[in-house]
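Structural characterization, general
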Amino acid sequence: MILDCAVIGGGPAGLNATLVLGRSRRKTILFDDNKPRNAVTSESHGFITRDGINPQEFKKVAQEELSRYSDVRIEKQRVHRINKKKHLIRGGDRKWGSIQCEKDYSRRVKEFYGKSLFSCPFCVGWELRDRPLAVIAEDHKALHMAKMVSNWTNDLIIFTNGNKILSLEEQELLNSYGIRINEKKIAAFIGEEGMLDKIQLEDNTTVFREGGFIAAEWKPAASFETTLGYTLNEQGGIATDSLQRTNTEGVFACGDTRIAGPSQLIIAAGEGSMAAIAVNAELIEEKFNEYKQQA
Ligand SMILES: Cc1cc2nc3c(=O)[nH]c(=O)nc-3n(C[C@H](O)[C@H](O)[C@H](O)COP(=O)(O)OP(=O)(O)OC[C@H]3O[C@@H](n4cnc5c(N)ncnc54)[C@H](O)[C@@H]3O)c2cc1C
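Residues numbered from 1 in each chain as written. Predicted model: local features only at pLDDT ≥ 70, side-chain atom pairs only at ≥ 80, totals over all residues. Heavy atoms only, no water.

Regarding the nonpolar core
Residues Cys5, Val7, Leu21, Ile89, Phe252 and Val279 are the most contacted members of the largest nonpolar core, which totals 21 residues. When residues of this core are traced back to their parent elements, those giving at least two are β1 (5–8), α1 (12–23), α2 (55–66) and α7 (265–294). The next biggest cluster of nonpolar side chains, apart from the first, holds 19 residues, and it includes Val124, Val135, Leu166 and Ala215. (Core = buried A, V, L, I, M, F, W, Y, C linked by side-chain atoms within 4.5 Å. Buried < 20%, exposed > 50% of the residue type's maximum accessible area, 1.4 Å probe, protein only. Helix = DSSP H or I, 4+ residues; strand = E, 2+ residues; numbered from the N terminus.)

Section: unusual backbone geometry
The phi dihedral of Arg25 falls on the positive side, at around 65°, and the residue is not glycine. Phi is positive for Asn204, which is not a glycine, with a value near 75°. By the element assignment, Asn204 lies in the loop between β12 (195–201) and β13 (206–208).

A word on the pairing of strand β3 (residues 72–75)
Bridge analysis of strand β2 (residues 28–31) against β3 gives four bridges, and the strand direction is parallel. In the strand pairing of β3, Phe31 is matched with Glu75. Following the backbone out of β2, through α2 and into the adjacent parallel β3, one traces a crossover that is right-handed. (Pairing = 2+ DSSP bridges. Right-handed = clockwise from strand over helix to strand, strands pointing away.)

Quick look at the side chain of Thr28
Along the chain, the position of Thr28 falls in strand β2. Side-chain polar atoms of Thr28 contact the backbone oxygen of Arg26, separated by 2.9 Å. (Polar contact = N/O pair within 3.5 Å; in protein donor to acceptor, adjacent residues only side chain to side chain.)

Here we look at the packing of aromatic side chains
Within the structure shown, the criterion is met by four aromatic pairs. On the basis of an interplanar angle of 70° and a centroid distance of 5.3 Å, the ring pair of Phe47 and Phe58 is categorised as edge-to-face. Taken together, the positions of Phe47 in the loop between β2 and α2 and Phe58 in helix α2 put the pair eleven residues apart, joining distant regions of the chain. By the burial criterion, Phe47 is buried, and Phe58 matches it. Over the ring of Trp126 we find Arg129, and its NZ or CZ is 3.8 Å from the ring centre. (Phe/Tyr/Trp six-rings, centres within 6.5 Å; stacked < 30°, edge-to-face > 60°. Lys NZ or Arg CZ within 6 Å of the ring centre and 35° of its normal.)

Some words on the side chain of Ser263
As for its position among the elements, Ser263 is in the loop between β17 (251–253) and α7. Ser263 sits in the buried class, given a relative accessible area of 10%. A polar contact of 3.3 Å, which involves the side chain of Ser263, links it to the side chain of Asp256. Setting aside its immediate chain neighbours within four residues, Ser263 contacts Arg37, Cys120, Cys123 and Asp256. (Contact = heavy atoms within 4.5 Å.)

Overview of the site of the ligand
Within the structure, the ligand sits among 34 residues, and Asp32, Asp33, Lys35, His45 and Leu265 are positioned closest to it. Contact between the ligand and Pro12: an oxygen atom at 3.2 Å from a main-chain N or O atom of the residue. Val79 is positioned with one of its backbone polar atoms (N or O) 2.8 Å from a nitrogen atom of the ligand. The protein chains hide 99% of the 1000 Å² of surface that the ligand would expose on its own. (Near = heavy atom within 4 Å. Areas by Shrake-Rupley, 256 points an atom, 1.4 Å probe, with all protein chains shown as cover.)

This is the structure in structure tokens:
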């Protein structure tokens, strides 16, 4: 099959791009090795008509919809290298945030990540509303995250894991809104099957918390070799304009591959749609230019 467009990554970004391309009669191949960013979660929230859906079910429904379009082919495999010929859309894929700290602490966070500790209040703030929550942060992101999370609960403690990160003024501001700050080192997260119950501190005291949010450091996943030469943005994501175009002609990026920070399925899908529309516009323009050149 001679292709119009290859889409790499079949998360919401790549799936929606493929849908719009398929509906535009573009011969499109979608590669996906099914390692989505939200693999640790069992429910995704905030996507209208799909609120609370299991991420794998979301993917299944999307692939069923794509199967209606004869110009679309799905390849369930990883792309290791790209030599660009024509249009390419790079869908999301970003490693979840990592916390720079002692190995053991990081490993323990992992047991709770996606079950009772999360990185995005907009994804699960509603589910955790009014509960005793923690914000776990080792740098100044604590302030922003705590302000955000306070939208969903009045019982909030920031745990800085032994770091002094907030000025006196900031501490006073947070305290005046009932947000407490604990600067002791964290010894352990205690709970069963990923559901947090207590945070144990260096002095063996424990603090009851049912869940919380981690102000994470985001790192893009370098998932394949490429000589495409697109520019990265300040946070290490792929830089694009508002039509999802990179600075390499014919290469588009959408979804979490270009955003450094918490994002949303619906934003990724929207960007996928925008990328596909922009690809179409370019291909249509190319077609009419060919005629002009022949005339
Ligand atoms: C714990 C957690 C919970 C979340 N909860 C929510 C929520 O409730 N609601 C919400 O809106 N958002 C949520 N998010 C954010 C959401 O998961 C992302 O914004 C969204 O998945 C981004 O979509 P995407 O298509 O850009 O990337 P992804 O969903 O990560 O999909 C990328 C796909 O591309 C594939 N891929 C990557 N590289 C290659 C390659 N070289 N070859 C082939 N395939 C490749 C990957 O395997 C993957 O299947 C959550 C995120 C996390 C980490």
